[in-house]
Amino acid sequence: MIYDFETVLDRRDLGSAKWKEMEGKNPKLEKGIVPLSVADMEFKHPAKLIDGIKKFLDRDFLGYGLPNRSYYEAVISFMEEEHNFPIEKDWIINTPGVVPAIFNAIRTLTNIGDGVIIMPPVYHPFSFAIERQNRKLVRCPLINKEGHYEIDFNLFENLAKDPANKILLFCSPHNPVGRVWTKEELARLAEIIKANDLFLLSDEIHFDLIMPGFSHTVFQTIDEDLADRTITMTAPTKTFNLAGLSVSNIIIKNKALREKFTSGLDGISLKTTSSIAYKACEIAYNECRDWLRECIEVIDENQRYVHKFFKERHPRIKANLIEGTYLDWIDFRALEMDPRNLEDFMTEKAKLFLDEGYIFGVEGEGFERINLAAPRSVIIDAMDRLDMALDNLEK
Ligand SMILES: Cc1ncc(COP(=O)(O)O)c(C=O)c1O
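Residues numbered from 1 in each chain as written. Predicted model: local features only at pLDDT ≥ 70, side-chain atom pairs only at ≥ 80, totals over all residues. Heavy atoms only, no water.

Engineer: I keep staring at the overall build of the chain and nothing clicks. Help me out?
Structural biologist: For the chain, the helix and strand inventory stands at 13 helices and 13 strands. For the chain, whose C-alpha radius of gyration is 21 Å, the value lies close to the compact-globule estimate of 21 Å for 395 residues. Of all 395 residues assigned to the chain, the portion counted as buried reaches 55%. Partitioning the intrachain contacts of the chain with sequence separation of at least 6 by distance along the chain shows that 74% fall at a separation of at least 24. Element-wise, carbon and sulfur atoms account for 50% of the exposed surface of the chain, whose accessible area totals about 17300 Å². Each charge class in the chain can be summarised by its mean position, and for the 50 positive and 64 negative side chains these summaries are 2 Å apart. (Helix = DSSP H or I, 4+ residues; strand = E, 2+ residues; numbered from the N terminus. Rg over C-alpha atoms; globule rule 2.2 N^0.38 Å. Buried < 20%, exposed > 50% of the residue type's maximum accessible area, 1.4 Å probe, protein only. Contact = heavy atoms within 4.5 Å. Areas by Shrake-Rupley, 256 points an atom, 1.4 Å probe, with all protein chains shown as cover. Lys, Arg positive; Asp, Glu negative; His and termini not counted. Charge placed at Lys NZ, Arg CZ, Asp CG, Glu CD.)

Engineer: Is there a simple way to think about the pattern of salt bridges in this case?
Structural biologist: Close approach of charged atoms lets side chains of opposite charge pair. One pass over the structure, following the stated rule, counts 27 salt bridges. Its salt-bridge partner being Arg-289, residue Glu-81 comes within 3.0 Å of it at the nearest N-O pair. With Glu-81 in helix 3 (residues 69–83) and Arg-289 in helix 11 (residues 289–313), this pair connects stretches of sequence that are 208 residues apart. For Glu-81, a relative accessible area of 54% gives the class exposed. We note a salt bridge from Asp-223 to Lys-194, for which the minimum N-O separation is 2.6 Å. Of the two residues, Asp-223 is situated in the loop between strand 7 (199–203) and helix 8 (224–227) and Lys-194 in helix 7 (residues 183–195); the sequence distance between them amounts to 29 residues. Classification of Lys-194 as partly exposed rests on a relative accessible area of 22%. Among the charged side chains, a salt-bridge network with shared partners connects Glu-81, Glu-82, Arg-289 and Arg-293. (Salt bridge = Lys/Arg side-chain N within 4 Å of Asp/Glu carboxyl O.)

Engineer: What is the right way to look at the sheet that holds strand 6 (residues 165–171) in this model?
Structural biologist: Strand pairs in the sheet, formed through backbone hydrogen bonds, run parallel or antiparallel to each other. A sheet is described by the order of its strands in space; here seven strands give the open sequence 1-9-8-7-6-2-3, paired in mixed fashion. Since the sheet does not close on itself, it has two edges, and those belong to strand 1 (92–95) and strand 3 (136–139), each with one partner. Strand-to-strand twist across the sheet, computed as the mean angle between neighbouring axes with direction ignored, equals 25 degrees. In the packing of helix 9 (residues 255–267) onto the sheet, the strands contacted are strand 1, strand 7, strand 8 (230–234) and strand 9 (248–251), and the crossing angle to strand 1 comes to about 20 degrees. (Pairing = 2+ DSSP bridges. Axes fitted to C-alpha atoms, helices over the stretch in contact; angles between N-to-C directions.)

Engineer: Is there a simple way to explain the pairing of strand 9 in this structure?
Structural biologist: Consecutive residues of a regular strand have side chains that alternate between opposite faces of the sheet. Here strand 9 shows no split at all, with Ser-248 and Ile-250 on one side and Asn-249 and Ile-251 on the other all buried. Two strands pair when backbone bridges link them, and strand 1 and strand 9 are joined in this way by four bridges, in the antiparallel orientation. Looking across to strand 9, one finds that Ile-92 is bridged to Ile-251. Looking at chain direction, strand 8 and strand 9 are connected through three bridges and run antiparallel. Bridged to Thr-232 within strand 9 is Ile-251.

Engineer: So what exactly am I meant to see when it comes to the nonpolar core here?
Structural biologist: As a rule of thumb, soluble globular proteins bury nonpolar side chains together. Core analysis: the largest hydrophobic core is formed by 76 residues, its most contacted members being Phe-43, Phe-240, Trp-291, Phe-310, Phe-332 and Leu-386. Counting only elements with at least two residues in this core, the list comes to helix 1 (17–25), helix 2 (47–58), helix 3, helix 10 (275–287), helix 11, strand 11 (327–331), helix 12 (339–349) and helix 13 (376–394). With nine residues, the top contributor of residues to this core is helix 11. One finds Ile-151, Phe-153, Leu-168 and Leu-200 within the second-largest nonpolar core, a separate group that totals 27 residues. (Core = buried A, V, L, I, M, F, W, Y, C linked by side-chain atoms within 4.5 Å.)

Engineer: Can you walk me through helix 2 in this structure?
Structural biologist: Side chains three or four residues apart in an α-helix point the same way, a direct result of the helix having 3.6 residues per turn. Taking 1.5 Å as the rise per residue, helix 2 with twelve residues should run 16 Å; its terminal C-alpha atoms sit 16 Å apart, in good agreement. Every buried residue of helix 2 is listed here: Leu-49, Gly-52, Ile-53 and Phe-56. Buried residues along helix 2 cover an arc of 95 degrees about the axis, so they all sit on one side. In helix 2, the exposed positions angled more than 90 degrees off the buried face are occupied by Lys-55 and Asp-58. Within two residues after helix 2, Asp-60 carries a phi angle of roughly 65 degrees, on the positive side. (Expected span 1.5 Å × (residues − 1). Arc of directions from axis to C-beta.)

Engineer: Would you explain the state of the cysteines in this entry?
Structural biologist: One way to say it: the disulfide is the covalent bond shared by the sulfur atoms of two cysteines. Counted under the stated rule, the structure contains zero disulfides. Looking at Cys-171, it has no disulfide partner, and the nearest cysteine sulfur is the one in Cys-140, 14 Å off. Free of any disulfide, Cys-281 has its nearest cysteine sulfur in Cys-288, 11 Å distant. (Disulfide = S-S within 2.5 Å.)

Engineer: Any chance you could explain the packing of aromatic side chains here in plain terms?
Structural biologist: In this description, a pair of aromatic rings is defined by centroid distance and the angle of the planes. The full count for this structure, using the stated rule, is 14 aromatic pairs. Measuring from centroid to centroid gives 5.0 Å for Phe-5 and Phe-43, while their planes differ by 90 degrees, and the two rings are edge-to-face. Here Phe-43 lies in the loop between helix 1 and helix 2 and Phe-5 lies in the segment before helix 1, a separation of 38 residues in the sequence. Each member of the pair, Phe-5 together with Phe-43, is buried. Three or more aromatic residues joined by ring pairs form one cluster here, namely Phe-5, Phe-43, Phe-78, Phe-240, Tyr-285 and Trp-291. Of note, Lys-89 hangs over the ring of Tyr-72, and the distance from its end group to the ring centre comes to 4.8 Å. A cation over an aromatic ring shows up here: Arg-188 above the ring of Phe-153, its NZ or CZ 4.1 Å from the ring centre. (Phe/Tyr/Trp six-rings, centres within 6.5 Å; stacked < 30°, edge-to-face > 60°. Lys NZ or Arg CZ within 6 Å of the ring centre and 35° of its normal.)

Following this line, the structure appears as structure tokens:
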């Protein structure tokens, strides 16, 4: 390894949302416990990224920003080289995040009361974007086949046929279940989307975080007709741990769709203005891909450690290997605790600060989402605390 994935950082006093949430849950928590919740990484950034941002700061510009030519070049090359996804400059729209882009797309493409289909358990802000804007949440739950999640195509087709349903809001790779959808699965979905005249909002924020042996297909590359009805949501923020910089690249090929989306942003004056954020994305995409390769190796080793831990020490708890993202999805239903008791057990007995499965929908009850993007020693400590807590429970 060239890069440092081992240093344990203390982000208690930095205003980190993840660390503050942990502190909120247990203000008297001893030092040395690292939260494994919110999808921020606990790794050091590559020096190239921090040094590049410092160099930019030395030029003394903190005014309103717009993307430069070099920014667009970086994004276009990254999409082409890393994802086989050829795009044009005009297709790229910047928003301060993928979640605001989802809210904006739903608001601009549907009317109050229209249906938006999601596949729970799924990233919880999906339901906020639908329900808080008075649209109808239409659920097409994934099928859990002994820990391997699959799409319920029959149900999806039935839901798609209802003319009240206008959008599929899709997560690819899927947070929290860690699936990387195959080309065949995407092609089958695409047929149903096109046949029923749906829009596709494809949240691909985790698309760079693919475990060895799997490969991600950008959904809209499946075919041209599909691309014309798709908004692909990407960002460097999960990949390079830049969430606090609020920068994302929303890719819309169809001009009319793009204009609708943009006029929605203008309508609420939602603009990205941080020149530092653009610079950070540019440096990450141009110069930090080797860091990313190592990062994926570390995440994969961490998940294998966790998988082995449960298999050997507590086999009734199921930790399947994920295919993508850095978020492990662990089935604690064998403990037969209700979701609040499970949460208390984690925070009070195991001193583990995770994301509770129930926030992703009722299908997540009894599950915990564990962030694997942390130094190995942090993962080992976490599993040791859990081991003790589970042993005490079984006594
Ligand atoms: C699927 C998914 N979409 C979006 C986001 C966050 O998007 P943003 O911070 O760009 O609004 C996350 C964060 O974890 C996520 O997992």
